[in-house]
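# Notes for the structure review
Residues per chain are reported as follows:
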Amino acid sequence: MNCKEKLKLEYEDADYRIIVDCPHDYGYAEEPDYCQDDFYHDDDVCCQCWDREVK
């Protein structure tokens, strides 16, 4: 199961949370090295991050 799928199971407003939050905010995965910072979100990077498998 990837991070996005788990979030959708746990939260009704998952689509909004995916836009403003990160998987590490929920303890699903560690913050990746390729993440620039918490205030700038690049759609491609965020999709790559949310598509990772839950640890």
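Scroll up a little and you will see the structure.
Attention here is on the structure that accompanies the text. Since this is a predicted model, take the numbers as computed values, not measurements.

### As for the nonpolar core
The biggest cluster of nonpolar side chains holds 8 residues, and these are Cys3, Leu7, Ala14, Ile18, Tyr26, Tyr28, Ala29 and Trp50. If you list the elements that add at least two residues to this core, you get α1 (3-10) and α2 (14-20). If we skip the residues at most four places from it in the chain, Cys3 touches Pro23, Tyr28, Ala29, Cys49, Trp50, Arg52, Glu53 and Val54.

### A short note on a nonpolar patch on the surface
A grouping of Tyr16, Ile19 and Val20 is seen on the molecular surface, where their side chains present a nonpolar patch of about 320 Å² in accessible area. The topology assignment puts Tyr16 in helix α2. Take Tyr16: its relative accessible area is 53%, and that puts it in the exposed class.

### Digging into the packing of aromatic side chains
Summed over the entire model, instances satisfying the criterion amount to 3 aromatic pairs. Where Tyr26 meets Tyr28, the ring centres are 5.6 Å apart and the plane angle is 25 degrees; that geometry is what we call stacked. Using a relative accessible area of 3% as the deciding quantity, one classes Tyr28 as buried. In textbook terms, an aromatic cluster arises when at least three aromatic residues are bridged by ring pairs, as seen for Tyr11, Tyr26, Tyr28 and Trp50.

### Brief notes about helix α3 (residues 43-50)
In an α-helix there are 3.6 residues to a turn, and that puts residues three or four apart on one side. For α3, the complete set of buried residues consists of Cys46, Cys49 and Trp50. Down the axis of α3, the smallest arc covering the buried residues is 90 degrees, so these residues share one side. Buried residues along α3 sit in contact with α1 and α2.

### Focus: the side chain of Asn2
Tracing the backbone shows Asn2 in the segment before α1. For Asn2, a relative accessible area of 12% corresponds to the buried category. A distance of 3.1 Å separates the side chain of Asn2 from the backbone nitrogen of Lys4, its partner in a polar contact. The residues contacting Asn2, other than those within four sequence positions of it, are Trp50, Asp51, Arg52, Glu53 and Val54.

Calculation criteria
Residues numbered from 1 in each chain as written. Predicted model: local features only at pLDDT ≥ 70, side-chain atom pairs only at ≥ 80, totals over all residues. Heavy atoms only, no water. Core = buried A, V, L, I, M, F, W, Y, C linked by side-chain atoms within 4.5 Å. Buried < 20%, exposed > 50% of the residue type's maximum accessible area, 1.4 Å probe, protein only. Helix = DSSP H or I, 4+ residues; strand = E, 2+ residues; numbered from the N terminus. Contact = heavy atoms within 4.5 Å. Patch = residues over 30% accessible without salt bridge, like charges linked within 9 Å, V, L, I, M, F, W, Y side chains within 5 Å. Areas by Shrake-Rupley, 256 points an atom, 1.4 Å probe, with all protein chains shown as cover. Salt bridge = Lys/Arg side-chain N within 4 Å of Asp/Glu carboxyl O. Phe/Tyr/Trp six-rings, centres within 6.5 Å; stacked < 30°, edge-to-face > 60°. Arc of directions from axis to C-beta. Polar contact = N/O pair within 3.5 Å; in protein donor to acceptor, adjacent residues only side chain to side chain.

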